[in-house]
Each structure stands twice: as C-alpha cells, then as structure tokens.
There are 2 protein chains.
Amino acid sequence: MEPVNVIGVGMTQFGVFEDSIVQLAQNAALEALNDSSTIESPIDYLIIGAQNPEEFTEQGHLSTLLADYIGVVPAAATRVETGPSSGSSAFESAVALIGAGMADLVLVVGVEKMSQVPRSTASKILARMLSYENEIQYGATPTALAALITRRYMHDFGLTRDELSLVPVKAHRNGAKNPLAHFQKEVSVEKVSNSPMIADPLRLYDCCATSDGAASVVVASNKAVQDYGFSDSAIKVLGVGHGTDYLAVQHRTSLTSMNATRVAAKNAFRTAGIEPSDVDVCELHDAFSILELLNMEDIGLVEKGQAIAAVKDGTTEVSGTIPVNPSGGLKARGHPTGATGVAQIRDIVLQLRGKAPKGLQVVNPQIGLTHNIGGFGNNMVVTILSCI
Amino acid sequence: MEPVNVIGVGMTQFGVFEDSIVQLAQNAALEALNDSSTIESPIDYLIIGAQNPEEFTEQGHLSTLLADYIGVVPAAATRVETGPSSGSSAFESAVALIGAGMADLVLVVGVEKMSQVPRSTASKILARMLSYENEIQYGATPTALAALITRRYMHDFGLTRDELSLVPVKAHRNGAKNPLAHFQKEVSVEKVSNSPMIADPLRLYDCCATSDGAASVVVASNKAVQDYGFSDSAIKVLGVGHGTDYLAVQHRTSLTSMNATRVAAKNAFRTAGIEPSDVDVCELHDAFSILELLNMEDIGLVEKGQAIAAVKDGTTEVSGTIPVNPSGGLKARGHPTGATGVAQIRDIVLQLRGKAPKGLQVVNPQIGLTHNIGGFGNNMVVTILSCI
C-alpha cells in the first residue's frame, strides 16, 4: 500500500445557520485546499461524506454538483454514505484511492445541514438507521436504545447518574474553548443530572444536538507531499479499520460492548502496527454520554468497566494521559452527521500539528485516533494518524 | 497497485417487481457469492451502489442493513452514490480497496427499486441530477436536454430520424435474447420513428424506462483468486477512469461531445495500457439513443461523427468488430439506476468468460469496457476488464 498523508484541513463553525449545504461544503473545502496549498492544483478525486442530504435539504447529486461548485472539474467525484459515519467512510475511500496509487490528491468533504427540516422530521429521518422489523415499529428511537444500554451498564458496572454527568461536563468544558463548537458554554454536574429527562436515565445533556456544518481534509500521496512542500509537516495515516454488527441491538451479543467498534479498532491497530496504549489523543463518537465510555473500553484504551474511573480521575482531560474529545466531541462541538468523521480527523490533525485551540492542545501528541459510529452502535470506522 | 480481479457475478431479472429493494440486493449478492465459491467465507467489505433508495423506497441505511441481511457482518459496509453511475462507482471503490491491499474480498451490490413511487415522483427525484439554477427552474428535464443534444448532432453530422432509430432497434434485438432484460421484444425502425413524441426529436423508444433490479460482483485480490480456485478463470481489472464536467449543460464546451467521458476513458486506457482499438466488446450508457453515439465517439471507439455509420454497417452488432451493448443496454436490459454499472460489469464478465446468453456471445473477446453516466452527461466511470 502506498503511504497516505493529510496535508490540509478546513472546517466551518458548527451550529444552526442560514448557509445552504452547498455553501457549508464550499467553505470547508476551500479552507482545506488553501491550507494544503493545492487550491490551484488538479485534484484527482472529490469524496463527499453526507448522510441524508436529499431528505434534510432536497439537494441531491452532491458529488457532481460540488465538483463544479468547489471548482475541481474534471476530478472524479463520489458521495459515500454510511449513516453518521459517512465522513469517516469518505476519508477511508480517499485512503484507499491514494493507497492503491489511483490518485495523488483527494479532497474529502463531510457535510450535513440538519436544521432545514423541523426537528421532528429530522428525528424521523435519523431513526431510519434502526431496524424497522425489530425496533422502529415498536417505538424505539436511538435515544431509547442508548437509555437501555445505559441502564445495563449502570447495573453491571455500578455507574451512577452523577458519574455519567461527568462525560458531558468534560465535553462542554472543552467545547467552551473551541471557537468552532456548536456549544461553547460550560455546564455543571447538577445542571446535567437535573436537565429534562429524554429517555430514562438519559437527560437532555446526555444527548448531542443536531447541527449544520462541514469539515474537509486534503489527502495526499508521498509524491504530492513533496510537490506541495509538506515533507516535514504531513500527517501520516497509519491505519483505518471499519466493521459492522447486526442491525437490531437485540441480535447482538452484548449491550455494553459494541463488537463493530472492536473489529474496527483491531483492524486499525493491526494496520498501524501499534497498541491502544500508544494513542496520545482521541476523538470518540459521544452522541450519547454512555457511548464515550463504551468506546474507550471497546477500543482498548481502558479495561472493561474502567472508563468512568478514567473520566473521574482526569485521565481523559486535555491534560490527562488519555485525552478524549478535546474538541468537545459530538456533544459540544456538534454533530452534523456527515461532517463529524471529517471534523474528528481535522481536529486530530490540528492536535498533531500542535495547533489546537488555546487550552485544548495536548502536550506533544504523536499518535491520534478517531472513532465514528454509523448506525446505532453499528458501522464503525476507526482511523489512526501520526505526526512522526 | 495490487492486481484486482472479478471472480463472481450475479443479477436479478430487471423489470417491475413486488420484491423489496432488500430482496433484490440479497438475490443478486447471494448469486455472486455462490458463483465465486465465497458464500461461507469472510468478506472484507460490502460496497452498495444505489442512487436514491430513501426516496424511491423509504429504506435508508442500506449499507449497514444489507451487511446484516446478506450475512457478511462484521464486514465493513459502505454505500457509494454518484447518481446513475453509483454501481460503477461502487465497483471503483472495491478496486481501490483491493488495489491498496486493504481487502482481499469485496462484495459489490448495485441496486435500485424505482417502481414503488408513481412515475411522476420518480421523474422528479431523477431530475435533481440537473442544475436547479440553470435547468430545473426553467422546466428542463433529462429528456429535454437529450433532445437538445440530438438536434445539434443531427445538424452537425447529418443524422436522420430513421438512422437514430437503428440504435434502439439494435438494443431491442439484443435484449430479446437476454433472459434477464426488462424488455425482450424486437422493435422495427418504423415502430421507433413513429412512437409517441417525448421531447422533439426524441420518441418513446429513444428513452430508457425505469426499472427495478440488482446486480452484484465479487472483487478479489490475487491471494483470494488463488484461495478460491480462480487462478485460470479470474477476470482482470485493467483500469478504471472517472471524471466530471460542469453541472449545467450550458456551461460545457460542446453539446455533441461529453468531456467527462473523454477524461474517464483517457484515464482508464492509460491505466490499462491499451488503446480503444483493443476493445472487443463494450456496454455503454444508452439512457437515450443519442448517448450511445456520443459515447462511442468520446471513448474513441470511432471517429467524431462516425458513430451512426458504425451502427448502420453492423460494426456495433454482436457479430461486428465493435459490439456495443450485446446485453440490450439500458434501453432493453433496463436501467434500475444504481444497478446499471454493476450489471454492465457482470455482462462483460460473462462475455469474457464466453458465457453470454445464446445469440449474444461475441467471438472470443479478450478486452471488455463499460461506460456509465452519473448525471446528465456527467460523472462518468469507464472500466476495462480482460480475460488474459
């Protein structure tokens, strides 16, 4: 496999905006092209990660349209969709194209505009990631399934309500320092634990919001790294892992461990030739508070049942030994679904460049990891990046 | 780049069916897995090509769902979308994954179920591939744009109405012998030239119908070719090319030549290390009669303006020197959009194996080519396969 690198990143503010999905994608893409000095260069492929652009915005055919509107015609242009992990899957496609020697420069754009439809419509669109036969027709929602998992985790590992609140408290503490985050305000344990109940025991602050936003990265071959002057500063892609599980949660082997994450992480670590203990900073898919804990355990960053201890003792803080979601994560940075995976990679690239926002920079990280969920606990993508 | 091969193919009947989109995908996939002797083997990636499954069928999240329903969990699963070339783009993704050494076995499934919504709704969904600003808001439709191109081609190259009718006449003559074709009935020049006017000068038989259907191929590394006993029979992927053009037809440099095809074909031939004259059989995207002529010229199979002469003198017949669409093409085989590109590859694989349906087998073809359009005259993918 040819070596694969990231040489440019861009991202819009995440939040609720008037900008169209096309404008969001353009803004992130042009920033990434500028950042990589490739804005006037021939791009081989444009890969778009977007979950439900037609349903959220009535704008279809994004790949072809954006090739024109971003200005990369006659580049090949493809949209990749794996639900909320569409951004990471788009990045994975770019890695494969460079890895195969089929391209030297690939522009990846993750984007979603979710505020154009009423929130109830958005929820209905998002709920389609569940199993109709086994879940939807009985009234299950992603939040309800996350609540089920939370209850079981509380039962099995003694997690308390106030302990769980520490996860979004950390997310918001970091998000408050991230100028592009959707929510830039700290919250207290009391505020989280007493916020409105959504699906017992999950409360408002346990659940990420819906957002608009876009993120973009430029993925490059070693030849392009040299051509564009990034020989000393390109971020290397060490590995990508990707796995699925059975669609319905009831068909899986465990409520408190997600096998798709385990498969994805194992494949990523094997390709990278490193161990979980080598990871210096990570961005994990915390769409619900409980998921951050499960993800840490399934990736192997901590032992099973030990994630909350790591949150409590500061291990997962920016200054800790396993910093998790210094960006604020999906909870505070926001979760425009198709954009999230690319935003995670962008944020890890900034960490590895030593250019994270003030107060969020981990000390000299060399290996970073992202983890993105594509269904409810399904279709996971893990990416490992390095600056050495 | 690691060598890439096709070791299994499957396809449903194309037409209008009661089967769900999931059943169609399953049927094609299981046939391809059986054909490649990999039905009980671990698949690394499942790649789904589908254009608008959510809008045509309300079934979202196809990649994750089909990983479960086809039985390939915990394989990575990704949906790829480039409009009507989604199937070819899914195949391209599989080629990149194998080419990069990221996978040994990739199952590709192209599928679309278009009959679940009223035809007027389907037309509205499909029309989104045009430019809203420059085309849709003025009433343009894909058929209207194809008519514009036809008029210009008639003016520039002296094409007559009855000559144009020879294209669908050939399609239906071949389709009549293809047991999986949507339309298995011959038509005459008189019938085509006198069929109802759709957009002057295009008539009913100049326009492909909408169809339901699925096709599937198993893409394999050299290691998998050996492991599964295909050392003497694997079909080799020599090259894939992919290119775009400006979204609105009015922004392009020519009405009678499609630059995205020229870019895609040039890249595919360069990678394959062959010339257009080396192609022994091809499947081209004839969604409208005029497109078959443009595609032949833009790919370089004939000189500019010479395509109709090749149709008239029998060059493009199954028995000719440049057989085009022995399957019946989109016109007669049918065009379930996301399935088409994979069906083209499946049909070329059968040709190269010497296993095409009776009366459609080209004599000893060694090199085959497919060409798939992903928008209106945009987002083209060209694939070159070989049995030697």
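What counts and how
Residues numbered from 1 in each chain as written. Chains lettered and ligands numbered in written order. Predicted model: local features only at pLDDT ≥ 70, side-chain atom pairs only at ≥ 80, totals over all residues. Heavy atoms only, no water. Least-squares fit on C-alpha atoms with pLDDT ≥ 70 in both. Contact = heavy atoms within 4.5 Å. Salt bridge = Lys/Arg side-chain N within 4 Å of Asp/Glu carboxyl O. Helix = DSSP H or I, 4+ residues; strand = E, 2+ residues; numbered from the N terminus. Buried < 20%, exposed > 50% of the residue type's maximum accessible area, 1.4 Å probe, protein only. Pairing = 2+ DSSP bridges. pLDDT = per-residue confidence, 0-100. Expected span 1.5 Å × (residues − 1). 1 Å grid on protein atoms, 1.4 Å probe; cavity = no way out; pocket = protein on both sides within 12 Å on 5 of 7 lines; lining within 4 Å. Points joined across faces, edges and corners; volume = space filled by probe spheres on them. Nonpolar A, V, L, I, M, F, W, Y, C, P; charged D, E, K, R; others polar. Buried area = accessible area lost by both parts, 1.4 Å probe. Phe/Tyr/Trp six-rings, centres within 6.5 Å; stacked < 30°, edge-to-face > 60°. Lys NZ or Arg CZ within 6 Å of the ring centre and 35° of its normal.

Draft legend 1. Structural detail: the relation of the copies chain A and chain B. In the superposition of chain A on chain B (RMSD 0.0 Å, axial shift 0.0 Å), the rotation amounts to 180°. What we have between these two chains is a two-fold relation. Closest to the rotation axis within chain A is the C-alpha of Ala-100 of chain A, separated from it by 1.9 Å. Residue by residue, 98% of the interface of chain A is reproduced at the interface of chain B, so both copies engage with the same surface.

Draft legend 2. Inspection of the pattern of salt bridges at higher detail. Residue and element names in this part refer to chain A. If you walk through the whole model with that rule in mind, you get 34 salt bridges over all chains. Lys-113 is paired through a salt bridge with Asp-212; the nearest N and O atoms lie 3.2 Å apart. Here Asp-212 lies in strand S7 (residues 212–220) and Lys-113 lies in strand S4 (residues 105–113), a separation of 99 residues in the sequence. Arg-152 is paired through a salt bridge with Asp-156; the nearest N and O atoms lie 3.2 Å apart. Pair noted here: Arg-152 and Asp-156 are both in helix H6 (residues 142–157), with a separation of four residues, about one helical turn. Several salt bridges share partner residues, and in doing so they unite Glu-283, Arg-333, Arg-346 and Asp-347 into one network.

Draft legend 3. Up close: the pairing of strand S2 (residues 45–49) of chain B. Residue and element names in this part refer to chain B. A large share of S2 lies buried, amounting to five of its five residues. What you see with S2 is no split at all: Tyr-45, Ile-47 and Gly-49 on one side and Leu-46 and Ile-48 on the other are buried throughout. Pairing analysis gives five bridges linking S2 to strand S3 (residues 76–81), with the strands arranged parallel. Its bridge partner lying in S3, Leu-46 is registered against Ala-77. As defined by bridge partners, S2 adjoins strand S4 (residues 105–113) across five bridges and the pair is classed as parallel. The partner of Leu-46 across the bridge, within S4, is Leu-107.

Draft legend 4. Structural view of the confidence of the model for chain A. Of all residues in chain A, 100% have pLDDT values of 70 or greater, and the mean over the chain is 97. Prediction confidence for the complex, expressed as pTM and ipTM, is 0.98 and 0.98 respectively.

Draft legend 5. Structural context of the environment of Gly-305 of chain B. Checked against the element boundaries, Gly-305 of chain B lands in the loop between helix H11 (289–299) and helix H12 (307–312). Note: C-alpha distance between Gly-305 of chain B and Leu-30 of chain B (275 residues apart in sequence) is 43 Å.

Draft legend 6. Fine view of helix H10 (residues 259–272) of chain B. Residue and element names in this part refer to chain B. Here H10 is 14 residues long and its end C-alpha atoms lie 20 Å apart, about the 20 Å a rise of 1.5 Å per residue gives. Of the positions making up H10, those classed as buried are Ala-260, Thr-261, Val-263, Ala-264, Ala-265, Ala-268, Phe-269 and Ala-272. A positive backbone phi angle near 70° is found at Gly-273, which sits one or two residues after H10.

Draft legend 7. Inspection of the layout of surface pockets at higher detail. Residue and element names in this part refer to chain B. The calculated volume of the second largest pocket comes to roughly 880 Å³. As for the second largest pocket, its lining consists of 34 residues, and the residues nearest its centre are Cys-207, Cys-208, Ala-209, Thr-210 and Phe-288. Where the lining of the second largest pocket is concerned, the elements lending two or more residues are helix H5 (119–127) and helix H6 (142–157). Tallying contributions element by element places H5 first for the lining of the second largest pocket, with four residues. Its residues assigned to classes, the lining of the second largest pocket shows 20 nonpolar, eleven polar and three charged.

Draft legend 8. Region of the structure containing empty space enclosed by the protein. Tallied over the full model, the rule gives nine cavities of 30 Å³ or more. By volume, the largest cavity amounts to about 120 Å³. Surrounding the largest cavity, 15 residues form its lining, Ser-93 and Ala-96 of chain A together with Ser-93, Ala-96 and Leu-97 of chain B being those nearest its centre. At the level of secondary structure, the elements contributing two or more residues to the lining of the largest cavity comprise strand S2 (45–49) and helix H4 (86–99) of chain A together with S2 and helix H4 (86–99) of chain B. Tallying contributions element by element places H4 of chain A first for the lining of the largest cavity, with five residues. Classifying every residue of the lining of the largest cavity gives eight nonpolar, five polar and two charged.

Draft legend 9. Here's a closer look at the pairing of S4 of chain A. All names here are of chain A. Counting buried residues in S4 gives nine out of nine residues, a clear majority hidden from the surface. Neither face of S4 is open: one carries Leu-105, Leu-107, Val-109, Val-111 and Lys-113, the other Val-106, Val-108, Gly-110 and Glu-112, and all of them are buried. Judged from the nine bridges that link them, S4 and S7 form a sheet pairing that is antiparallel. Bridging from a neighbouring strand, Val-111 pairs with Ala-214 of S7.

Draft legend 10. Region of interest: the interface of chain A and chain B. Facing 51 residues of chain A, the contacting portion of chain B comprises 50 residues. Summed over both sides, the interface of chain A with chain B buries roughly 4,000 Å², with 54% coming from carbon and sulfur. A per-residue breakdown of the area chain A buries against chain B is headed by His-61, Glu-81 and Arg-128 of chain A, which together make up 15% of the total. At the boundary of chain A and chain B, one finds two salt bridges. The partner of Glu-81 of chain B in a salt bridge is Arg-79 of chain A, with the nearest N and O atoms 3.0 Å apart. For the side of chain A that touches chain B, the elements supplying multiple residues, two or more each, are helix H2 (53–57), helix H3 (62–70), strand S3 (76–81), H4 and strand S8 (235–243) of chain A. As paired strands, S3 of chain A and S3 of chain B are joined by three bridges and run antiparallel to one another. Each bridged residue has a counterpart across the sheet, and for Arg-79 of chain A the counterpart in S3 of chain B is Glu-81 of chain B.

Draft legend 11. Fine view of the packing of aromatic side chains. Residue and element names in this part refer to chain A. Evaluated as defined, the whole model comprises four aromatic pairs over all chains. Seen in terms of ring centroids, Phe-288 and Phe-376 are 6.4 Å apart; in terms of plane orientation they differ by 50°. Their pairing is tilted. Residue Phe-288 is located in the loop between strand S9 (281–283) and helix H11 (289–299), and its partner Phe-376 is located in the loop between strand S10 (367–372) and strand S11 (380–386); the two are separated by 88 residues in the primary sequence. With relative accessibility at 9%, the residue Phe-288 sits in the buried group. Classification of Phe-376 by relative accessible area gives buried; the value is 4%. Sitting above the plane of the Phe-183 ring, Lys-331 keeps its charged end 5.3 Å from the centroid.

Draft legend 12. Inspection of the environment of Ile-48 of chain A at higher detail. Residues and elements named next belong to chain A. The topology assignment puts Ile-48 in strand S2. Classification of Ile-48 as buried rests on a relative accessible area of 0%. When the C-alpha positions of Ile-48 and Ser-319 are compared, they lie 34 Å apart, and in sequence the two are 271 residues distant. Ignoring any residue separated from it by four or fewer positions in sequence, one finds Ile-48 in contact with Leu-62, Ser-63, Leu-66, Thr-78, Arg-79, Val-80, Ala-90, Val-109 and Val-111.

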